[in-house]
Amino acid sequence: MSCYYKETKMLYGGDYNPEQWGREVWEEDMRLMAQAHINIVTLNVFSWASLQPDEDTYDFARLDEIMQLVRANGMKVCLATSTGAHPAWMAKRHPDILRTEKDGRKRKFGGRHNSCPNSPTYRKYAPRLAQKLAEHYRDYDNIVAWHVSNEYGGACYCDECQKAFRVWLKKKYGTIEEVNRSYNTAFWGHTFYDWDEIVLPDLQSEHFMDEVTGMERTMFQGISLDYMRFNSDSILDCFRLEYDAIKKFTPDLPVTTNLMTAYKGLDYQKWAKSMDFVSWDNYPSAADSPDQIAFYHDLMRGLDGQKPFVLMEQAPSVTNWQQFAKLKRPGEMRLMSYQAVAHGADAIQFFQIRRSIGACEKYHSAVIDHVGTADTRVFREVTKLGEELEKIGGLFLDGKTPAKTAILFDWDNWWAVEYSSGPSVRLKYLDAVLDYYKAAYALNVPVDIISTDHSLEPYQVVIAPLLYMVKRGYEEKLKDYVRQGGNFVTSYFSGIVDEHDLVDCGGYPGRLRELLGVWVEESDALPFGEQNAITYSGTRYPADLMCDLMHLEGAQALANYEEDFYAGTPAVTVNKYGLGKAYYVGTHSDEMFYQTWMRELFAQTGISPIQHTPAGVEAAVRENAGGRYLFLLNHTAEEKTVVLEESYKDLLNGRTYAKQEEIVLEARGVYLLGGCKVQGIK
């Protein structure tokens with residue numbers, strides 16, 4: 001059963017903001033939502049101003065009307081706490097709640113995420129509102145979950161945050177001497193003598209804007225890295241305050257907040273430990289490819305140990321705040337929804353139910369458009385999907401992805417890589433991870449995204465791209481995994497520093513040197529437009545961005561460089577270690593190299609594709625106690641043919657397909673298939 005709700009079918013709905021409309025519209029909205037098979041609404045996301053007009057007054061009268069109307073119409077509620085945007089009176093009377101930018105400018109009232117996470121005012125009133133809501137609505141039997149705040153993010157550099165940062169550092173390091181050691185403050189005479197000498201790393205202190213690249217950079221990576229950790233922890237503390245307030249009155253209801261793809265500013269792996277279930281908002285840009293969107297779904301599934309998640313928001317059609325509000329083509333919303341389900345979603349929701357008439361999201365798409373009727377293409381597509389989900393019921397709930405391959409993703413490493421002063425401004429951690437993920441996706445090999453806390457035992461292959469930071473003890477975990485028969489892969493510029501961003505002396509790749517069987521003497525960072533080459537399995541591939549110059553110390557070369565003074569030296573290696581193998585890919589190459597290399601790796605380790613498909617057709621699997629379900633998703637604008645490798649039953653129309661039978665997917669088409677003995681289809 002899903003971690004989201006105690007239901008037997010998938011929930012389907014979205015954000016509903018009736019406070020933006022007159023009461024005469026509400027009844028019509030109920031009728032239209034029922035017509036679209038919507039069975040859940042997220043309420044009260046941005047109502048703090050109306051719920052609390054001053055310090056001591058709380059007025060839930062209008063929200064009561066809405067809650068009663070929704071319950072009378074048989075719908076479930078995900079109830080939000082409204083704390084994503086504080087009221088104007090609070091900013092006027094208590095300016096400590098306003099954030100300070102990294103250049104020292106104090107914000108004024110307006111926008112969102114403008115609350116300082118260390119403001120005494122915010123930490124007083126936000127959990128108080130959450131508690132009053134939980135106390136007031138604790139007897140409503142149609143509330144299935146709580147939604148705290150909204151899309152947490154941003155940062156603050158005010159005096160309150162600076163004081164809190166010093167407390168955080170003292171708790172972490174204990175002594176000022178340990179801070180100095182961890183930050184290597186002997187460099188440039190930065191030694192601290194007392195805690196109150198420590199200032200936040202911002203554009204007034206350690207940070208600066210690079211005039212050539214336009215990037216923000218830092219002169220002291222250690223303190224900047226700790227500020228990222230501190231800011232993430234500070235905002236997480238705010239979530240926990242509301243979480244605890246809610247649990248006092250509704251201990252059995254799950255609590256979440258909506259995350260945002262691979263958001264760099266918050267360590268979602270740490271956050272997930274404090275959330276009852278993971279939920280997130282999927283708003284891809286026109287430039288985001290299907291494999292990149294699939295990665296975000298898998299990342300969310302991996303945050304909580306490969307458990308199902310909730311797609312809390314997606315746009316039925318246009319996302320207006322992007323550069324171009326391009327329409328979702330016919331079938332695209334349905335395709336993207338099923339892709340989410342295929343990768344672990346146990347609920348599908350939209351932002352928003354009815355389109356706003358004013359402010360910055362009035363042109364953001366909605367289930368009910370400004371015309372106010374069911375006679376729109378988007379409404380018809382939403383209704384069709386609702387009909388299908390109702391027919392499928394709870395068939396996919398609590399389904400797992402049977403992955404034997406894992407990719408390590410670590411926020412600390414991400415922050416450290418991109419704060420590094422050298423060797424290349426082109427080093428982008430997420431891009432390095434996607435190089436490997438996209439190759440596995442193209443081969444229809446399912447992947448789990450894991451953290452350094454997760455067990456490696458379930459996997460035949462573990463890939464840790466650009467593992468620049470190796471936290472103390474993690475190298476032993478990797479060695480044990482390979483020693484017992486696992487296959488470990490890492491890439492260029494790995495094994496360089498510890499968790500404080502201090503270099504591990506003794507030769508690169510540091511504490512991974514024994515495991516990988518190589519010594520990296522130098523790294524050549526190639527500017528845009530320059531490249532070397534490697535030959536692998538008889539084919540020549542580009543080598544660009546980084547070229548690690550290495551010596552073999554027990555490893556075997558699988559590919560060598562072709563050009564420059566290091567021509568003929570190893571570029572890709574494998575080292576036998578115990579019962580397993582450790583691979584080092586010492587350069588960056590193109591898409592075809594990663595697909596070729598990983599295809600051979602998977603063949604050697606006994607990992608097979610879910611289903612062979614033509615380019616542009618994704619195959620994904622979920623498994624639960626009811627069976628194994630195959631999703632075929634055509635992400636192209638043309639028909640595609642797939643030859644089935646097993647016999648299946650169509651989960652929507654009941655038709656059976658024999659092994660080796662061909663099926664034709666229409667443009668942006670979806671097939672939902674189960675084993676022929678699958679039960680539970682209505």
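Residues numbered from 1 in each chain as written. Predicted model: local features only at pLDDT ≥ 70, side-chain atom pairs only at ≥ 80, totals over all residues. Heavy atoms only, no water.

Here we take up the packing of helix α10 (residues 290-303) against helix α14 (residues 429-442). Each packed pair of helices is defined by two parameters, the angle between the axes and the distance between the axes. At a minimum axis distance of 10 Å, the contact between α10 and α14 shows a crossing angle of 105°. If you check the angle between α10 and α14, you find them roughly perpendicular. For the pair formed by α10 and α14, the contact residues are P290, D291, Q292, A294, F295, Y296 and D298 on the first element and L430, V433, L434, Y437, K438 and Y441 on the second. Across the contact of α10 with α14, the residue classes tally to nine nonpolar, one polar and three charged. (Axes fitted to C-alpha atoms, helices over the stretch in contact; angles between N-to-C directions. Helix = DSSP H or I, 4+ residues; strand = E, 2+ residues; numbered from the N terminus. Parallel < 35°, antiparallel > 145°, perpendicular 65-115°, else oblique. Contact = heavy atoms within 4.5 Å. Nonpolar A, V, L, I, M, F, W, Y, C, P; charged D, E, K, R; others polar.)

What follows is about the sheet that holds strand β1 (residues 11-15). The strand order β7-β4-β3-β2-β1-β11-β10-β9-β8 describes an open sheet built from nine strands, whose pairing is parallel. Two strands close off the open sheet at either side, each with one partner strand: β7 (255-256) and β8 (258-260). Note that β1 and strand β2 (residues 40-43) share three bridges and pair parallel. Looking at β2, one finds that G13 is bridged to I40. (Pairing = 2+ DSSP bridges.)

The next point concerns the pairing of strand β10 (residues 309-314). Working note: regular strand, side chains alternate between the two faces of the sheet. Counting buried positions over the six residues of β10 gives six, a clear majority of the element. Of the pairings in the sheet, the one linking strand β9 (residues 279-282) to β10 comprises four bridges and is parallel in character. Bridge pairing links D281 to E313 in β10. Each parallel crossover has a hand, and for β9 linked through α10 to β10 it is right-handed. (Buried < 20%, exposed > 50% of the residue type's maximum accessible area, 1.4 Å probe, protein only. Right-handed = clockwise from strand over helix to strand, strands pointing away.)

Overall, the predicted model of the chain reaches an average pLDDT of 96, with 98% of residues at or above 70. Contacts for the low-pLDDT stretch residues 678-682, under 50 throughout, to residues beyond four places or in other chains number eleven contacts. (pLDDT = per-residue confidence, 0-100.)

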